[in-house]
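Architecture and fold: a report
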Amino acid sequence: WHLKHMKATDPKRNVTFALDWLQKGARTGHVDSIQSLGDLYYYGKFGIEKDLEKSVRWYKTGALIGDPASQYFLGHALHQGHGIEKDYNQAK
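Residues numbered from 1 in each chain as written. Predicted model: local features only at pLDDT ≥ 70, side-chain atom pairs only at ≥ 80, totals over all residues. Heavy atoms only, no water.

One rule of thumb: low pLDDT means the predicted coordinates there are not for detailed reading. Mean pLDDT over the protein chain works out to 84, with 85% of the residues at or above the 70 mark. When pLDDT is averaged over each element of the protein chain, helix α3 (residues 52–64) comes out on top at 94 and helix α5 (residues 88–91) at the bottom at 70. (pLDDT = per-residue confidence, 0-100. Helix = DSSP H or I, 4+ residues; strand = E, 2+ residues; numbered from the N terminus.)

Here we take up the packing of helix α2 (residues 31–43) against helix α4 (residues 68–80). Remark: α2 packs on α4, axes separated minimally by 10 Å, with the N-to-C direction vectors making an angle of 30°. The angle between α2 and α4 falls in the class roughly parallel. Regarding α2 and α4, the two cross each other, and that crossing is left-handed. Contacts between α2 and α4 pair Q35, D39 and Y42 from the former with A69, S70, F73 and H76 from the latter. Considered class by class, the residues forming the contact of α2 with α4 number three nonpolar, three polar and one charged. (Axes fitted to C-alpha atoms, helices over the stretch in contact; angles between N-to-C directions. Parallel < 35°, antiparallel > 145°, perpendicular 65-115°, else oblique. Left-handed = near helix turned anticlockwise from the far one by under 90°. Contact = heavy atoms within 4.5 Å. Nonpolar A, V, L, I, M, F, W, Y, C, P; charged D, E, K, R; others polar.)

Let's shift gears to α4. Between its first and last C-alpha, α4 extends 18 Å over 13 residues, near the 18 Å set by a 1.5 Å rise per residue. Buried within α4 we find S70, L74, G75, A77 and L78. On an axial view of α4, the arc spanned by its buried residues comes to 160°, and they lie on one face. In α4, the exposed positions that point more than 90 degrees away from the buried face belong to P68 and Y72. Positive backbone phi, approximately 75°, marks G81, located one or two places after α4. (Expected span 1.5 Å × (residues − 1). Buried < 20%, exposed > 50% of the residue type's maximum accessible area, 1.4 Å probe, protein only. Arc of directions from axis to C-beta.)

Here's what the structure looks like:
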């Protein structure tokens, strides 16, 4: 629902509005919002500056509440050293 505001082809897109809603959702534990924020910062989408450390923080948040996708992406970041020091043992 909030991601519709971030489609690059939409001339009315409002990234600030969508980002605000994602952050509100993430603060309440909404897993899709948490993972979306991790992805946005990991890839630097929609004019949001790429920030691997922020991305890892969001993935950690999702991983701690049991989100399999966040766990996977956190493991990938740990394995590759993207936004966090490489740690093969934790990446498993």
